[in-house]
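Given next are the chains, with one letter for each unit.
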Amino acid sequence: MPEIYINNKKYPFNEGDTVLEVAKRNNIYIPVMCYLEKITPTGACRFCLIEIEGIDKPAAACVTYAMDGMKVFTDTEKVIKDRKRMMDFVLIKHPLDCPICDKAGECMLQDMAYEFGINEESVPSVKPDKPVFDWNFIINDTNLCVMCERCVKVCHEITGCSALKIEERGFNNIINTTDGTELNCDFCGLCVDYCPVGALLDKPYKHSVRSWDLDKKNTFCNMCPVGCEIEVNIHDNEIFRCRSTENSFICSLGRYAFKHPEHRARIETPLMKSAGKLSEVSWNDALNEFKNRVNNIKERYGDESIALLLGSRLSNEALFGYKKLSDELNISKVISDVEFENGDFYQLHKEKFDTYENIGSLEGIKSSDLIFVIGSDLANEALGIKWNVMNAVIHNNAKLVTIGAQKYEYDYITDVSLLADYGDYAGIFENIKRDSDDISASIREYIDRAGKVTFIVGNEYISSEKQPESVYAFYDYVGSDKVENFFLVSDKTNITALFNSGILDNGYTPAKLNKEMVNSKIKAVLAVGFYPSETYGAYKALNKSIDNLDMLVSVDIYTNKFNSNADIIMPALTAFENESSYTSLDGRIFKTDVVYEHKYSALSDVNILSKIGALFGIKLPESAPEFWNENIAGQNGYPQMDFYEIDGFVRKEAKLNVNKTTFSYQKPAEGSVEIFVNARYHNNYLSTKAVVEKDVDGYVKKYYFDVDETVLSGKDACYDGHCSINDDIAKGTVLIPKNLK
């Protein structure tokens, strides 16, 4: 193995290692500012200068490759002098506004200046007067920029947005958007997290609290099923910002949706309907009324007259707990929100793999040689998956083939991008298998050369393909020996736990529920964390038949159109306010922690469940840790581990068996296809409650994006009599926001 000498000590290295990487691996300190492990080095800041024996000029350690026998010095007088000189150059442009800068206390430049013993400018200068950009939730003060290029690199190599660029040259260069207009990206804010100075800042945080006055707690985001760790910053029991951690990247939901617990629709105390109006009551009154009415309905109509609706925002403990409760109470009519949307498709998935769960891991996507993204708008369905795809393409040279209802924002880096006109994905699969055109031939070549293939299938495919089994037949064509990852993308936070709970296997469907509600066979419904859409699917029928019930009880965080019909509402805590666990899309178990104390009489879902059970003589644990340890750990493929050992990395056991799919392609009739999609920056009901405005010292601060209700149509398609033709949308296709009012 080749060896390098650093400060007269010998160290082995691997071919392709830079001097900085060798030094870091051996705990040898070299200062850096532009360097990040997860992106390719730029050598922009020059603070990592080193001395190499036999070479007169200093070299940047981050872009200098180690060579056998090379002798490097990292702390000589000359090296230290060269680094200080580089700091002087940076400070010629950078204003010394530390006392009023929001980055003070966590600024790399400030820390490094102190480290170098620099307390004032050695080269007095007139500072530049450059623009300050207001990019919605991000402020870019170009006067503070040190041109380290971190933001540009992160935006391209991690998120795949490539929304930023360096503009102008020399003293006048700035960071701007690629087209010079508004910032159009995922608004993950990673550029803010990795900006070493105060040039890029979160607008909601600006001029709020000094960094040293913030309490910082790590937890996991539960806004989607990817399961990203976030750092929550609190002051005086209020969240002021959320950031990524060294273990994960986050999206706009994890970063900016943190005010949803303060939404005006938040339920603060139990509510009970009297004379047609919901009024505040005590927990005892609400629970006793619930008990009496349930007993009365069961006595008059039997157990079969009660149904339980469960939402996928619920934790592992709540989902398994309500399943246990329903079994104890002989309530067999249990149904989840997943079945109201894509239940039939998940049955197909189980027929294929003998499991509802996804195949492979998110981390495994990065090492793929070929990735098929099939009908999945990753930016709005599961941003965490998109970043793994970008990583595979940029760092592993993976081939990327997208087949969708629209062109995606990362289309510029795809190898093949195809539009599924009229929702006919099956036809494209058939073309790939047989056609002699260049595109089909290229894809076949990609398949032949690939050792590891990933399938990512999303809402656009599931909602529009008339022969949904075709994707599984295409899987067979590619070969189970090649396909290591097969992901059905979902915006349902705890969909994997729902699969494991057994609820989808009870044979009860939305169609049966709606029929029995219309016929008044169902007299009472308990809806827990259940948010029916007003626009599509079996939800529409549910909303129409809800008035036929004798009793509707809702366990929820917010009031909404659905639970405004409720007779009793029991208020639940958010994930920021209680500890509970969830299961990610790839089977990792992660947990949320209490990051601040709530001010409501709301209770955790598990505590509410325990109180409901106690009404009927059923003893259930009052806390998530207790429920996990007693009822989940070591069962249903979950690891035998204590609740407080859950760290977001351990995965549950998954067993699969690949079955061959029988399929014969039938060309569908051309007709308009309506697909209900997530609005930009929104992926579920919780995100809509993150749109909060607060008056802060006379200034109104906004904390999340409004719901974009724009309906998009491709050629040969219209919606509600209106046509908004977009060439980036597949023919005969209409994309309708799920949250459309």
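Note that the structure is a prediction, hence the values are computed from the model and not measured. (Residues numbered from 1 in each chain as written. Predicted model: local features only at pLDDT ≥ 70, side-chain atom pairs only at ≥ 80, totals over all residues. Heavy atoms only, no water.)

**Topic: the UniProt feature "domain: 4Fe-4S His(Cys)3-ligated-type" (unreviewed entry) in the protein chain**
In the numbering adopted here, UniProt assigns the feature "domain: 4Fe-4S His(Cys)3-ligated-type" (unreviewed entry) to residues 78-117. The annotated region residues 78-117 carries 60% helix and 0% strand content, and the separation between its end C-alpha atoms amounts to 16 Å. (UniProt positions renumbered as here; feature names shortened; annotations may be inferred. Helix = DSSP H or I, 4+ residues; strand = E, 2+ residues; numbered from the N terminus.)

**Overview of helix α19 (residues 510-518)**
Burial in α19 covers these residues: P510, L513, N514, E516 and M517. Looking straight down α19, one finds its buried side chains confined to an arc of 165°; they lie on one side. Exposed residues pointing more than 90 degrees away from the buried face of α19 are listed as A511, K515 and V518. Where α19 is buried, its residues contact β16 (306-310), β17 (333-336), α9 (337-341) and α20 (537-545). Looking one or two residues beyond α19, the residue adopting positive phi is S520, at roughly 60°. (Buried < 20%, exposed > 50% of the residue type's maximum accessible area, 1.4 Å probe, protein only. Arc of directions from axis to C-beta. Contact = heavy atoms within 4.5 Å.)

**Examining the sheet that holds strand β23 (residues 524-528)**
An order of β15-β14-β25-β24-β23-β16-β17 is seen for the 7 strands of this open sheet, with the pairing classed as mixed. One side of each edge strand has no neighbouring strand; the edge strands of this open sheet are β15 (277-280) and β17. Neighbour-to-neighbour, the strand axes of this sheet turn through a mean angle of 20°, independent of strand direction. Alignment of β23 against strand β24 (residues 551-556), held across 5 bridges, turns out to be parallel. (Pairing = 2+ DSSP bridges. Axes fitted to C-alpha atoms, helices over the stretch in contact; angles between N-to-C directions.)

**Points about the sheet that holds strand β4 (residues 59-60)**
Read across the sheet, 5 strands follow the order β2-β1-β5-β3-β4 without closing on themselves; strand pairing throughout is mixed. Of all strands in the sheet, those with a lone pairing partner are β2 (9-12) and β4, marking the two edges.

**Some words on helix α22 (residues 624-632)**
Taken as a whole, α22 has its buried residues at A624, P625, F627, W628, N631 and I632. Check the buried side of α22 and you find it contacts α8 (316-328), β26 (580-583), β27 (589-592) and α21 (605-615). Looking at where α22 begins, the residue whose side-chain oxygen comes 3.4 Å from the main-chain nitrogen of E626 is S623. Remark: G634 follows α22 within two positions and exhibits a positive phi of approximately 80°. (Polar contact = N/O pair within 3.5 Å; in protein donor to acceptor, adjacent residues only side chain to side chain.)

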